[in-house]
Protein chains: 2
Amino acid sequence: MTQPGSGAAKAARHTREDVVVAALGILDQYGLADLTMRRLAAILDVQPSALYWHFANKQTLLASIADRIVERVRFVPQTDDELTAASVTGGQWQGATRAEAYALRDALLAFRDGAEVVSSALALGLGAALPITRLTASIRPGGFDRRTSGIAAAAIVHFVLGHVSHEQQRLQADSLGVVAEAASANPTSAHPTTAGSVPQAVESFEFGISLLIAGLDVQHRQASEPTTKPV
Amino acid sequence: MTQPGSGAAKAARHTREDVVVAALGILDQYGLADLTMRRLAAILDVQPSALYWHFANKQTLLASIADRIVERVRFVPQTDDELTAASVTGGQWQGATRAEAYALRDALLAFRDGAEVVSSALALGLGAALPITRLTASIRPGGFDRRTSGIAAAAIVHFVLGHVSHEQQRLQADSLGVVAEAASANPTSAHPTTAGSVPQAVESFEFGISLLIAGLDVQHRQASEPTTKPV
DNA sequence: ACCTGAACACCGTTCAAGT
DNA sequence: ACCTGAACACCGTTCAAGT
């Protein structure tokens, strides 16, 4: 019984883990703008300064959050074909890559402002690198060298982050009524409170991913064919 | 002589234009994080509250800045071939589209944190739509309908913003020494003070743009060919 | 038309000190 | 190992009032 206070309400010692979980809660409920160190401290029933024992600064905390958001890409829905073909080298990399891209989109959409958080953590090199690793791995079997696979993966990640970021900021803008002149002429649900998605967003996402994979496919075939100079 | 004070130093009435120019100056010299209303006011030798006569809020100011940054895409370097072929419908849209993408990249790189500023203005629907308009126009001659051209343009813009944003945040991170473990192992120039660019950044940019245009090209040819079902 | 002065309700971060 | 208390140096925005 030497652990916490004896039944009282205060003084609940926290772990780094607790802080991240609480922060994710604020993020998802109120958005990145309201995720302040002071607010987070208040929820944990602690002084703001206490957070600096767990994290060097806010940026580091956000990086941990980004890592968490992105963890979900591990649960890519895989078809049986893909599972069996995965061991055999050269399964259909296009499908696997598309699946990774969608998994990333889903992971980002699962939390409010997820794309922005991941985007900045990644740019600062503080984390959230998992999607690039996985995409690189899904592209390689297409017969591309490591360097090419890596920058192709980065291109896809850039597109996904840009697309979802756009989508999420619009979701928030809509729900706040900040909307400007055009661009909001669909009389659907009033308040997108849950992490839903803009109507035709999926279609334009699909289109973009298709372009990138088709582009890679062309490269692939050009490299495979004996000697056919590209135009 | 009823205009400003008679030779004194203070009381220099400002226009909305002045505010934007001063803000762009701060942005380029010190970055987005240091572009505060108070700092901007100080530079203009005015109280912070004065700024709210010119702009409803900071977001609106940033949108104006984004518009300015993006204006530069009007000066796309055009080859003579393109100029002449432009009037004739169906010139080489691939070259024109690539040129637009590069023009956008250049415009964003011309100001510190340019990509982030434009990115958020665009997502909020508050401005910076020019690049999408222009890209849509450059893609259309490829024989795509308006809708397809539009979302293809958006895909390219997403990639460019993501790529340059990444590049710029890394530039800033490097110059501040925030850098994490890996990802920074090139012993080149010490401090990238000017709006330069990361070494191999151009190559991976080129690669991404190539993928997207090649992907579009495939779509194009598929639609043109009599009846060849896509795989 | 453009600005001042003063206030409101906040921020992230540091640091000595406590248990 | 984890937190308090107090302080430092800031934020964006509003609003009555001035010229």
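Everything below is about the structure printed above this text.
Cut-offs and rules
Residues numbered from 1 in each chain as written. Chains lettered and ligands numbered in written order. Predicted model: local features only at pLDDT ≥ 70, side-chain atom pairs only at ≥ 80, totals over all residues. Heavy atoms only, no water. Axes fitted to C-alpha atoms, helices over the stretch in contact; angles between N-to-C directions. Helix = DSSP H or I, 4+ residues; strand = E, 2+ residues; numbered from the N terminus. Parallel < 35°, antiparallel > 145°, perpendicular 65-115°, else oblique. Left-handed = near helix turned anticlockwise from the far one by under 90°. Contact = heavy atoms within 4.5 Å. Nonpolar A, V, L, I, M, F, W, Y, C, P; charged D, E, K, R; others polar. Near = heavy atom within 4 Å. Polar contact = N/O pair within 3.5 Å; in protein donor to acceptor, adjacent residues only side chain to side chain. Buried < 20%, exposed > 50% of the residue type's maximum accessible area, 1.4 Å probe, protein only. Lys, Arg positive; Asp, Glu negative; His and termini not counted. Salt bridge = Lys/Arg side-chain N within 4 Å of Asp/Glu carboxyl O.

Trainee: What am I meant to see in the packing of helix H6 (residues 93-109) of chain A against helix H8 (residues 130-139) of chain A here?
Mentor: Two numbers describe a pair of packed helices, the interaxial angle and the distance between the axes. All names here are of chain A. At their nearest, the axes of H6 and H8 sit 8 Å apart, and the two run at 165 degrees to each other. On the basis of the axis angle, H6 is roughly antiparallel to H8. Here the hand of the crossing between H6 and H8 comes out left-handed. Seen from H6, the contacting residues are Trp-93, Ala-96, Thr-97, Glu-100, Ala-101 and Leu-104; seen from H8, they are Pro-131, Arg-134, Leu-135, Ser-138 and Ile-139. Split into classes, the residues belonging to the contact of H6 with H8 amount to seven nonpolar, two polar and two charged.

Trainee: Explanation requested: the protein's contact with DNA strand C in the structure shown.
Mentor: Of all residues adjacent to DNA strand C, which total 16 residues, the nearest are Arg38(A), His14(B), Gln47(B), Ser49(B) and His54(B). Of everything in DNA strand C that lies within 4 Å of the protein, sugar and phosphate atoms constitute 55%. In this structure, Arg38(A) approaches DNA strand C through a side-chain N or O atom, which is 2.6 Å from a base nitrogen. With respect to DNA strand C, the backbone of Gln47(B) contributes an N or O atom lying 2.6 Å from a phosphate oxygen. Looking at the surface near DNA strand C, the elements with two or more residues in it are helix H2 (37-43) of chain A together with helix H3 (51-54) of chain B. For the surface near DNA strand C, the per-class residue count stands at six nonpolar, seven polar and three charged.

Trainee: Mind showing me how you'd approach the side chain of Asp113(A) here?
Mentor: Residue and element names in this part refer to chain A. Its location among the elements puts Asp-113 in the loop between H6 and helix H7 (114-123). For the buried Asp-113, no salt bridge exists, and the shortest N-O distance to an oppositely charged side chain is 5.4 Å, to Arg-112. The contact partners of Asp-113, leaving out residues within four places of it in the chain, are Leu-27, Gly-31, Leu-32, Gln-168 and Gln-172.

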